[in-house]
Amino acid sequence: MKDDKLTIVSFLCNWCSYEGADKAGNARLNYPANVRVVRVMCSGRVDPEFVIQAFKEGASGVLILGCHPGDCHYKKGNYKTLRRIYLLKRTLEGFGIEPERVRLDWVAAGEGERFAKVANEMVKTIEKLGPLELSEV
Amino acid sequence: MAKPKVAFYWCASCGGCEEAVVDLAEDILKVVEAVDIVFWPVAMDFKKKDVEAMKDGEIAVSFINGAVRTEEQEEMVKLLRRKSGLVIAFGSCAHLGGIPGLANFWNRDTIFERVYKEVPSIANPKGVLPKTKTKVGDMELTLPEFWDTVRTLDQVIDVDYYIPGCAPPPDIIMNAVSAILEGKLPEKGSVLAPDKSLCDTCPRSEKKPEKISMKEIKRPYEIIPDSEKCFLEEGIICLGPATRSGCGEKCINANMPCRGCFGPTKEVIDHGAKGLSAIASILGIEDEEKLSEEDVQKLVDKIVDPAGLFYMYSLPSSLLRRKKI
Ligand code: SF4
Ligand code: FES
């Protein structure tokens, strides 16, 4: 994953945000190419380990998108994600990793435009923060 | 037949692992009868040159405790690796980094500043800091280099097996020693303890409701926990769900929650991530639909120093290994 561009790994829920991203693609809405997409069955599937692994392997930001609260295909997966990702961000702060490098948001299947907006905002945030340079150990 | 030769060594550790060996009580006699201890700096007068004089692989087993944080420790464990058939990482610090591994939230400079200049108990008006070389008259005194980062034993040398725990309990040690003596060792790289989570064996798990909800976070000093209830039910973070069993539930039985010294079970890569994930999933679960983002933040913010808590014993072995410097 090491290239000049900043890499953002995005985990998209199969039932909503992935469709949303697809819509954005079909409508040729412009969203930046250095957002790498990983499809998961539910935002609740995103284990904090995945996020840390993404950073470890060179990502400078991680975006997690799920169904809006109340709309999770598995009913409550995204509530859990909300708590987990917030605690993860707080924990990563202790490692010197800015919490803004992780963003959790909600994008429904029909919301192509919203997907493009969130993705673009994330790219801007990460560009401002610059690459995540973990210490060599 | 000659008895197998055994060595014990310590690196960045507190000495508790050495005591754990002595704590074997009369069982230690069985060990001493079966093996020939050729190196044990804390208890016997052998020197580094005695180890250097041995043939490669001559020591059957070296038990090494402590994390690796200095040049000297690195040199010694590399020497022992060369001279030993088997190397066992003994105790949490060698296995995961342990408490000394929490120093990975700092680096050499910040640690030296604090320890040699800032702490109230120091008088160091000239601000002298340790150096690897110091001239005294026409002599030069040397000290080993102090690295920025504490490492687990297996980040420095090849490790054959792990005996977990801070400190490892006697039954775990004896089982491991018997397995070695009888040649009944599992696959290389195994942790010589059960591959179950602490919750599976915890005496409090029987009465644990099927669905636990932590309504809020409490710290152990804030309440006197009910000695029968699962800590999580009372809002006290317990790392039992993410931690390997085998410790004999000593902390739990002393009414203290688990802090993870046995490390994770086999399939977990990052112990801290697993722990925080388990806690976040049940925190406020009862009313989860009703919680706004701010409510969630308020609940979670009650956890003081989450990085230090969830990685209390495992920071150097975690995916990130240390804080960014
Ligand atoms: S969380 Fe702690 S107290 Fe509760 S069952 Fe697990 S180990 Fe026991
Ligand atoms: S199915 Fe989309 S967040 Fe759970």
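Residues numbered from 1 in each chain as written. Chains lettered and ligands numbered in written order. Predicted model: local features only at pLDDT ≥ 70, side-chain atom pairs only at ≥ 80, totals over all residues. Heavy atoms only, no water.

1. Overview of the overall build of chain A
Then comes step 1: Per the secondary structure count, chain A includes four helices and four strands.
Then comes step 2: Its helices and strands in sequence order give chain A the pattern β-α-β-α-β-α-β-α, from N to C terminus.
Then comes step 3: Expected size for 137 residues packed as a compact globule is a radius of gyration near 14 Å; at 14 Å, chain A falls within 12% of this value.
Then comes step 4: At a minimum sequence separation of 6, the contacts of chain A that also span at least 24 residues come to 78%.
Then comes step 5: Summed over its atoms, the accessible surface of chain A is roughly 6400 Å², and 47% of this surface lies on carbon and sulfur atoms.
Then comes step 6: Of the charged side chains in chain A, 21 are positive and 18 negative; the average position of the first set lies 5 Å away from that of the second. (Helix = DSSP H or I, 4+ residues; strand = E, 2+ residues; numbered from the N terminus. Rg over C-alpha atoms; globule rule 2.2 N^0.38 Å. Contact = heavy atoms within 4.5 Å. Areas by Shrake-Rupley, 256 points an atom, 1.4 Å probe, with all protein chains shown as cover. Lys, Arg positive; Asp, Glu negative; His and termini not counted. Charge placed at Lys NZ, Arg CZ, Asp CG, Glu CD.)

2. Points about the site of ligand 1
Then comes step 1: In the region of ligand 1, the neighbouring residues are L198, C199, C202, S205, K208, C230, F231, L232, C238, G240, P241 and I252 of chain B.
Then comes step 2: Of the residues that constitute the shell around ligand 1, the class distribution is nine nonpolar, two polar and one charged. (Near = heavy atom within 4 Å. Nonpolar A, V, L, I, M, F, W, Y, C, P; charged D, E, K, R; others polar.)

3. Quick word on helix α7 (residues 170-181) of chain B
Residues and elements named next belong to chain B.
Then comes step 1: With twelve residues, α7 should reach 16 Å at 1.5 Å per residue; the first-to-last C-alpha distance of 16 Å fits that figure.
Then comes step 2: Taken together, the buried positions of α7 are occupied by I172, I173, M174, A176, V177, A179 and I180.
Then comes step 3: Lining the buried residues of α7 we find α1 (16-22), α2 (27-34), β3 (59-65), β5 (84-90) and β9 (161-163). (Expected span 1.5 Å × (residues − 1). Buried < 20%, exposed > 50% of the residue type's maximum accessible area, 1.4 Å probe, protein only.)

4. What about the sheet that holds strand β2 (residues 36-39) of chain B?
Residues and elements named next belong to chain B.
Then comes step 1: The parallel open sheet is built from five strands, whose spatial order is β2-β1-β3-β5-β9. Each of the sheet's edge strands pairs with one partner strand only, and the pair in question is β2 and β9. Shown here is a sheet whose adjacent strand axes are inclined to one another by a mean of 30 degrees, direction ignored.
Then comes step 2: Bridge count for β3 against β5 is six bridges, and the pairing is parallel. Bridge pairing in β5 links F63 to I88.
Then comes step 3: Helix α4 (residues 71-83) contacts β1 (5-10), β2, β3 and β5 of the sheet and is inclined by roughly 135 degrees relative to β5. (Pairing = 2+ DSSP bridges. Axes fitted to C-alpha atoms, helices over the stretch in contact; angles between N-to-C directions.)

5. Some words on the nonpolar core
Then comes step 1: The biggest cluster of nonpolar side chains holds 109 residues, and the ones touching the most others in it are I64 of chain A together with F63, I64, L153, I237 and F310 of chain B.
Then comes step 2: Counting contributing residues per domain, this core is built from domain 1 (5-99 + 148-182) and domain 3 (198-310) of chain B, each supplying no fewer than three.
Then comes step 3: Sequence-distant contacts of I64 of chain A, defined by excluding residues within four places in its chain, comprise F11, S43, V46, V51, T81, I85, V102, R103, L104 and D105 of chain A. (Core = buried A, V, L, I, M, F, W, Y, C linked by side-chain atoms within 4.5 Å. Domains from an automatic or database assignment.)

6. Focus: the domain arrangement of chain B
Size of an interface, as often reported, equals the accessible area lost when the parts are brought together.
Residues and elements named next belong to chain B.
Then comes step 1: Under the domain assignment used here, chain B contains domain 1 (5-99 + 148-182), domain 2 (110-147) and domain 3 (198-310).
Then comes step 2: Spacing between the C-alpha centres of domain 1 and domain 3 amounts to 32 Å.
Then comes step 3: Residue-level contacts link eight residues of domain 1 with eight residues of domain 3.
Then comes step 4: Across the domain 1/domain 3 interface, buried area totals approximately 530 Å², and carbon plus sulfur atoms make up 70% of it.
Then comes step 5: For domain 1, the biggest contributors to the area lost against domain 3 are L96, P164 and P169; these three give 54% of the whole.
Then comes step 6: The tally of links from domain 1 across to domain 3 stands at zero salt bridges.
Then comes step 7: Along the contact surface separating domain 1 from domain 3 lie one residue pair in polar contact (both at pLDDT 80 or more).
Then comes step 8: Taken together, the residues of the side of domain 1 that touches domain 3 sort by class into five nonpolar, three polar and no charged. (Buried area = accessible area lost by both parts, 1.4 Å probe. Salt bridge = Lys/Arg side-chain N within 4 Å of Asp/Glu carboxyl O. Polar contact = N/O pair within 3.5 Å; in protein donor to acceptor, adjacent residues only side chain to side chain.)

7. Let's talk about a nonpolar patch on the surface
Then comes step 1: A cluster of nonpolar side chains, contributed by W15, M41 and Y74 of chain A, occupies part of the molecular surface with about 310 Å² of accessible area.
Then comes step 2: Along the chain, Y74 of chain A falls in the loop between β3 (61-66) and α3 (77-93). (Patch = residues over 30% accessible without salt bridge, like charges linked within 9 Å, V, L, I, M, F, W, Y side chains within 5 Å.)

8. Observations concerning the interface of chain B and chain A
Then comes step 1: In this assembly, 35 residues from chain B lie in contact with 27 residues from chain A.
Then comes step 2: In total, about 3200 Å² of surface goes out of reach between chain B and chain A, with carbon and sulfur atoms giving 66% of it.
Then comes step 3: Ranking the residues of chain B by area buried against chain A places L319, L320 and K324 of chain B at the top, with a combined share of 24%.
Then comes step 4: Here chain B and chain A share three salt bridges between them.
Then comes step 5: Residue R90 of chain A pairs with D301 of chain B through a salt bridge whose shortest N-O separation is 2.8 Å.

9. Thoughts on the sheet that holds strand β4 (residues 102-106) of chain A
Residues and elements named next belong to chain A.
Then comes step 1: Spatially, the four strands line up as an open sheet ordered β2-β1-β3-β4, and their pairing is parallel. The sheet terminates laterally at β2 (35-40) and β4, the two strands that pair on one side only. Ignoring strand direction, the axes of neighbouring strands in this sheet form an average angle of 20 degrees.
Then comes step 2: Sitting on the sheet, α3 touches β3 and β4, and the angle it makes with β4 is about 165 degrees.

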